[in-house]
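If you want the building blocks of each chain, they are given just below.
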Amino acid sequence: QVQLVESGGGLVQPGGSLTLSCAASGSIFRITVMGWYRQAPGKQRELVAAITGSGTVNYANSVKGRVTISRDNAKNTVYLQMNSLQPEDTAVYYCHLKVGIVNYWGQGTQVTVSS
């Protein structure tokens, strides 16, 4: 079993910043990818950012230059630093973890960008 505990969501004004974190625990032997997806109301879940064990990162075009993903392999934790947040960033953000060929998802954390 793998558990993912997310934290850091909340309400922020446009132009503000938030940092999300996701700590993984349990039967983790070979994490290949850690990342974040988001789902806004009425829309499909989409990739925000992902990072491999070797540090290769991938960002959605919509967040490039505003978001930084990082991971602490010793702590099995992934972080998402988000800056210059806009109302269109409002969504439930889900932590994603790939161990071998198995995908795991966090419960989601709400990010709301509003004045």
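Reference entry: report on the structure contained in this document. Bear in mind that the values here come from a model prediction, so they are computed numbers and not experimental data.

Reading guide: rules and limits
- Just so you know, the residues in each chain are numbered from 1, in the order the chain's sequence is written.
- Only residues with pLDDT of at least 70 get local features here, since the model is predicted, and only at 80 or more are side-chain atom pairs given and counted; chain-wide, interface and lining totals rely on the full set of residues.
- The side-chain figures draw on all heavy atoms in the structure; neither hydrogens nor water molecules are used.
- Put simply, DSSP H or I for four residues or longer makes a helix, DSSP E for two residues or longer makes a strand, and each gets a number counted from the N terminus.
- Accessibility here uses a 1.4 Å probe with only protein chains present; expressed as a share of the type maximum, an area under 20% marks a residue as buried, one over 50% as exposed, and anything in between as partly exposed.
- Here a polar contact means two N or O atoms within 3.5 Å. Within protein one must be a hydrogen donor candidate and the other an acceptor candidate, and residues neighboring in sequence count only if both atoms are side-chain atoms.
- Residue contacts follow a heavy-atom distance rule, with two residues in contact if any of their heavy atoms lie within 4.5 Å.

Quick notes on the side chain of Asp 89
Part 1: Within the secondary structure, Asp 89 sits in the loop between β8 (77-82) and β9 (91-99).
Part 2: Relative accessible area serves as the criterion here: at 2%, Asp 89 is assigned to the buried category.
Part 3: Among the polar contacts listed, one links the side chain of Asp 89 to the side chain of Arg 66, at a separation of 2.8 Å.
Part 4: The residues contacting Asp 89, other than those within four sequence positions of it, are Arg 38, Arg 66, Ser 84, Val 111 and Val 113.

Quick look at unusual backbone geometry
Part 1: The residue Asn 76 is not glycine, and still its phi comes out positive at about 50 degrees.
Part 2: The phi torsion at Ser 84 lies on the positive side, around 50 degrees, for a residue other than glycine.
Part 3: With respect to the helices and strands, the residue Ser 84 is situated in the loop between β8 and β9.

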